[in-house]
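Next come the chains, spelled out residue by residue.
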Amino acid sequence: MITILFKSILLETNNFKKEDFVITMNKKSILKSTILLTIFLVAAAVYYYKNVRITSDYYSPDVLATHFNGEQFVGSSTCMECHEAIYETHVQTAHFNTSAIANSENIKSSFEPGSNILDLQDVSFELKQEGKSLLQYTTFKNSPLKKPPAKFDIVIGSGVRGQTYLTWADDKLFQLQPSYHTQTDSWINSPGYPSNYLERPIRDACLKCHVTFATNRDFSGQGNHYDKGRMVYGIDCEKCHRPSAKHVIYHRKFPDVKAAKYMMKLDTLTRQQRLDVCAQCHSGSRSILLQGNSFTFLAGENLDEYSRTPYPNGNSMPDVHGDQYGLLKSSECFKQTATMDCTTCHDPHKNQRGNSTYFNQKCIGCHSDGRTVCKAGTQEVNKMGNNCIACHMPLTPSQSMKAQLPTDSIETSFYIRTHLIGIYSQELGLDK
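Residues numbered from 1 in each chain as written. Predicted model: local features only at pLDDT ≥ 70, side-chain atom pairs only at ≥ 80, totals over all residues. Heavy atoms only, no water.

Chemist: For this particular structure, what's the right way to read the nonpolar core?
Modeler: One recurring pattern in soluble globular proteins is that nonpolar side chains are buried together. Ranked by size, the top nonpolar core spans 17 residues in total, and within it Ile107, Phe111, Phe152, Tyr165 and Trp187 carry the most contacts. Those elements that provide at least two residues to this core are strand S5 (123-130) and strand S6 (133-140). Top element by residues in this core is S5. It accounts for three residues. In this structure, Phe152 is in contact with Ala102, Ile107, Phe111, Leu127, Leu134, Leu135, Gln136, Tyr165, Leu166, Leu176 and Trp187, ignoring residues within four places of it in sequence. Phe73, Leu207, Phe213 and Val232 belong to the second-largest nonpolar core, a separate cluster that totals 16 residues. (Core = buried A, V, L, I, M, F, W, Y, C linked by side-chain atoms within 4.5 Å. Buried < 20%, exposed > 50% of the residue type's maximum accessible area, 1.4 Å probe, protein only. Helix = DSSP H or I, 4+ residues; strand = E, 2+ residues; numbered from the N terminus. Contact = heavy atoms within 4.5 Å.)

Chemist: I'm lost on the state of the cysteines in this one. Help?
Modeler: According to the stated counting rule, one finds zero disulfides in the structure shown. The thiol of Cys345 is unpaired, and the distance to the nearest cysteine sulfur, on Cys363, comes to 6.4 Å. (Disulfide = S-S within 2.5 Å.)

Chemist: Just to check I follow, could you spell out the pattern of salt bridges for this structure?
Modeler: Applying the stated rule across the entire model yields 10 salt bridges. Between Arg242 and Glu71 there is a salt bridge whose closest N-O contact spans 2.9 Å. With Arg242 in the loop between helix H5 (237-241) and helix H6 (245-253) and Glu71 in the loop between strand S1 (65-66) and strand S2 (72-73), this pair connects stretches of sequence that are 171 residues apart. A residue is classified by how much of its surface remains accessible, and Glu71, at 24% relative accessible area, is partly exposed. (Salt bridge = Lys/Arg side-chain N within 4 Å of Asp/Glu carboxyl O.)

Chemist: Can you help me understand unusual backbone geometry in this one?
Modeler: Both trends apply: most residues other than glycine have a negative phi, and most peptide bonds are in trans. Positive phi outside glycine occurs at Asp170, with the angle close to 60°. With respect to the helices and strands, Asp170 occurs in the loop between strand S9 (162-169) and strand S10 (172-175).

This is the structure in structure tokens:
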């Protein structure tokens, strides 16, 4: 009633005709509706475009690096969406943790006063933590030369036997001279360094087995200028399974498809190609490049078409450090089967280090038919704890990986388990 009365007063006061009033009210309604519609459309547009962007980002994962053939690396974390169990165990392996951006959590060395000095004949290093930065201070004993502190930027090595550290100088990558030795829990002079100061540039040949991919501004790999933002740390899924951007994008769009698309299947490769996946890092220096550079080879290709390994000093025997492939191929176990490869005994997705029961079962799996029996006496078998690995793959001093420890005047070899499976003397068979 009040509304009707109000409308009547307006009509009489302003001498409006009824038709005029209806037109006026319709204009107001139209204006109001237009405003509401505009607000709705703007809100809908914002929502739509925001979600389109999110969807687009999801279907286009961040590219960490691009291989020379155009394939793109997107990192192990993208694999976790569909392969969570494998991812969770793989990140515990020494492979995955063989390099990372350095921080106080992944560096094993001590920066505490009293334990943070490496004192050499002509130079000393003091290692300090200042805020979140880890720094190396250098003092020359017989020279007024001064150097600014160098930052710990990259950690190399999981810490099983030790670690070494890299620093950036603009886009140039160098190794810091102090390294960490796990067995003595101490700083040591990096293997191969003199007792005076040395800056060692890091080239592809040094880096290739500790990162999945790096882009050297010198394609040959001889320089030490890198694209800092395009380095894939650790030996992750894509080192062995190839860059996987296409695979990830496809299966995010079609999550119900179970057959792997745009992904190389390792079980379709020849034995040699499967061995080559591991041999790219575990067959020595491979310093003779036949094509491309140290990061050109991809799993599924033939490694000998890319690089070859010269044995140092004319020695035909591969070293226990870094040439597990060469030693395995020289073993009778390998020669007597057409199927044995690295994954016969190793699951690269799991940390199996120290799991002697697992590895002994692998031996027994091939030697349980009675044709090959252990000929060692009962006393020797009991002494070794019935451990096949300790006797037939003993820890052996490396001829290529040595370091001068703080308490020694001569270099000490790192002891590494040989992959030349064979019969050794009792002395060699005792694990240290």
